[in-house]
Amino acid sequence: MSCNKHNIDTDGRLVVLGGGESGAGAAVLGKVKGMDVFLSDMGSIPQKYKDLLESYGIPYEEGEHSEEKIINASVVVKSPGIPPTAPMVKKVSQKGIPVLSEIEFAAGFTDAKMVCITGSNGKTTTTLLTYHILRKAGLDVGLAGNVGKSLALQVACDPHEIYVIELSSFQLENMYQFKANIAVIMNITPDHLDRYDHKMENYVAAKFRILRNQTKEDFFVYWQDDPIIREQIRHVQSEALKLPFGVEKEEDSAAFVEDGIIHFATPGDVWEIPRDKLALSGLHNLYNSMAAGLSASVLKIKKENIREALEDFEAVEHRLEYVATVDGVRYVNDSKATNVNSTWYALESMTTPTILILGGKDKGNDYSEIEPLVKEKVRAIVCMGKDNTKLLEFFSGKVDKIADTHSLQDAISACREFAQEGDTVLLSPCCASFDLFKSYEDRGCQFKDAVKAL
């Protein structure tokens, strides 16, 4: 049995459920470490992952889960999209077979430092910004989790000394011995509650698994004004050094803003940067920049390097992405806003009258959070989804105009009808994309193509 940190039997049988980026990566890592590997996916496996599995001689199946090939596993790695209530996952668990996330599995085979970022909003931008700072400083760093390549595949084929990892609550569910050297929680607002028995406390507990196993040598970076984080900290014991950030200076703030200057203070390092020098604008991006700056500081990166990287970072696709101006109307793609809080930040940053495109697969949303900003800034709402009943019932009478559309083309037509010169058309849907689109990326790309064709 080869040596690994999590006592995974490398002479045993690894079964991977799910044939996407994380699943295929976990299968390759298991194979490289000498395990007997089998991958199973109830859906179809993308061709690039089939090619990867075949190049390593890894057997797989798609369109079914063959029970006899799965329940003889020593360990199962489950893709994050598969809920713990899935029938095959239940059967595996009842047999006493350990079920791990790809991140947990991969971490057993590396001693690299882990910078891990979660939160309901802002985690992708913060992850990419942190990665940008570290790369610019010349560190040997990999990007993994919800962005970049599978952590397991990198550990197997392209190892790094540090990994910056974006972690969803789904990925954190099956983490046990994994340890983040730097754990970042951006914020916690209601999201994915259908996965958590519609209980907010279950979702919060999943997010806080990022603090598991941290020691006094580690760091916990978080937004100090988030009431849910502040309350949960009181119930969670962690030896990690806390580094809270926010606009206002508090007694223990590690980053705050004063007279337009962002001040950072971490052990052994104090530095600052003018807020107007940040590459990313908006309140949400101020928080993202603070979290990334603190993470880089505790990794002992020179403040000059951090400043430069914060000033030249390019914005994330599908997050408040300017598309074009047509007939004096600005079009902005914020397709990545798949929950209400993301849309709140998007509306908060709007400086012109706004035509807001909402809709998609509702995850139990409470739209009252954005109601004040809608009344203040939104001229019209265009609902775009298979079933817009909930949106129409909530927002009717709260804006001058509202449209019920069921395709992107019809939504764009309604926007053109409503918009006046100087307005902004904002696609910030509040909802998942899976009713009309393959993903939020697909939704954003189709929106951009439609706007550019106007």
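Residues numbered from 1 in each chain as written. Predicted model: local features only at pLDDT ≥ 70, side-chain atom pairs only at ≥ 80, totals over all residues. Heavy atoms only, no water.

(A) The overall build of the protein chain, seen in detail. The helix and strand inventory of the protein chain stands at 17 helices and 20 strands. In terms of overall dimensions, the protein chain has a C-alpha envelope of 70 × 55 × 40 Å along the principal axes. A buried classification covers 57% of the 454 residues belonging to the protein chain. In the protein chain, once contacts between residues fewer than 6 apart in sequence are set aside, the share between residues at least 24 apart is 66%. A gap of 2 Å separates the mean positions of the 50 positive and 66 negative side-chain charges of the protein chain. (Helix = DSSP H or I, 4+ residues; strand = E, 2+ residues; numbered from the N terminus. Buried < 20%, exposed > 50% of the residue type's maximum accessible area, 1.4 Å probe, protein only. Contact = heavy atoms within 4.5 Å. Lys, Arg positive; Asp, Glu negative; His and termini not counted. Charge placed at Lys NZ, Arg CZ, Asp CG, Glu CD.)

(B) Seen up close, unusual backbone geometry. Even without being a glycine, N213 presents a positive backbone phi close to 70 degrees. Along the chain, N213 falls in the loop between α9 (200–207) and β10 (219–223). Positive phi, close to 55 degrees, is recorded for D327, a residue that is not glycine. When you line up the elements, D327 lands in the loop between β15 (321–326) and β16 (329–333).

(C) Local environment of the packing of helix α1 (residues 21–32) against helix α2 (residues 47–55). It is at 10 Å that the axes of α1 and α2 come closest, and there the two elements cross at 5 degrees. On the basis of the axis angle, α1 is roughly parallel to α2. Between α1, through E21, A24, A27 and V28, and α2, the contact on the second element is made entirely by Y49, L52 and L53. Here the contact of α1 with α2 is composed, by residue class, of six nonpolar, no polar and one charged. (Axes fitted to C-alpha atoms, helices over the stretch in contact; angles between N-to-C directions. Parallel < 35°, antiparallel > 145°, perpendicular 65-115°, else oblique. Nonpolar A, V, L, I, M, F, W, Y, C, P; charged D, E, K, R; others polar.)

(D) Spotlight on helix α12 (residues 303–312). Those residues of α12 not exposed but buried are I306, A309 and L310. The buried residues of α12 occupy one face: seen down the axis, they fall within an arc of 100 degrees. For α12, the secondary structure elements touched by its buried residues are α6 (123–136), β14 (269–274) and α11 (283–298). (Arc of directions from axis to C-beta.)

(E) Fine view of the pairing of strand β13 (residues 261–266). Going residue by residue along β13, you find I262, F264 and T266 tucked away on one face and I261, H263 and A265 left uncovered on the opposite face. Pairing of strand β12 (residues 255–258) with β13, which is carried by four bridges, proceeds in the antiparallel orientation. Paired with V257 across the strands is I262, a residue of β13. Hairpin geometry of β12 and β13 is characterised by an intervening segment of two residues between the two adjacent antiparallel strands and by a positive phi of about 55 degrees at D259. Sheet analysis places β13 next to β14, joined by six bridges and oriented antiparallel. Its bridge partner lying in β14, I261 is registered against P274. (Pairing = 2+ DSSP bridges.)

(F) Inspection of the pattern of salt bridges at higher detail. One pass over the full model with this rule turns up 16 salt bridges. Ionic pairing is found between E231 and R234, a salt bridge with its closest N-O pair at 2.7 Å. Close ionic contact of D327 with R416 constitutes a salt bridge, the shortest N to O distance being 2.6 Å. Of this pair, D327 sits in the loop between β15 and β16 while R416 sits in helix α16 (residues 408–418); the two residues are 89 residues apart in sequence, bridging distant segments of the chain. Overall, the relative accessible area of 59% leaves D327 in the exposed class. Taking relative accessible area as the criterion, R416 reaches 37% and is therefore assigned partly exposed. Shared partners join several salt bridges into a network, and the residues in it are K136, E308 and D312. (Salt bridge = Lys/Arg side-chain N within 4 Å of Asp/Glu carboxyl O.)

(G) Molecular detail of the sheet that holds strand β5 (residues 99–100). On the basis of which strands lie adjacent, the open sheet formed by five strands has the order β3-β2-β1-β4-β5 and parallel pairing. Unpaired on one side and paired on the other, β3 (60–62) and β5 mark the two borders of the sheet. The pairing of strand β1 (residues 13–17) with strand β2 (residues 36–41) spans five bridges and is parallel. Counted as the bridge partner of L14 is V37 from β2.

(H) Structural context of the nonpolar core. The biggest cluster of nonpolar side chains holds 53 residues, and the ones touching the most others in it are F105, L151, I165, F178 and F208. Beyond its immediate sequence surroundings of up to four residues, L151 is in contact with E102, I103, A106, M114, A144, Y163 and I165. (Core = buried A, V, L, I, M, F, W, Y, C linked by side-chain atoms within 4.5 Å.)

(I) Quick peek at the pairing of strand β17 (residues 354–358). The buried fraction of β17 is high, at five of five residues. Side chains of β17 alternate between two faces, with T354, L356 and L358 and I355 and I357 buried alike. Relative to strand β18 (residues 378–384), β17 runs parallel, the two being bridged by five bridges. Paired with T354 across the two strands is V378, which belongs to β18. As judged from the four bridges shared by β17 and strand β20 (residues 424–427), these two strands associate in the parallel manner. Paired with L356 across the bridge in β20 is L426.

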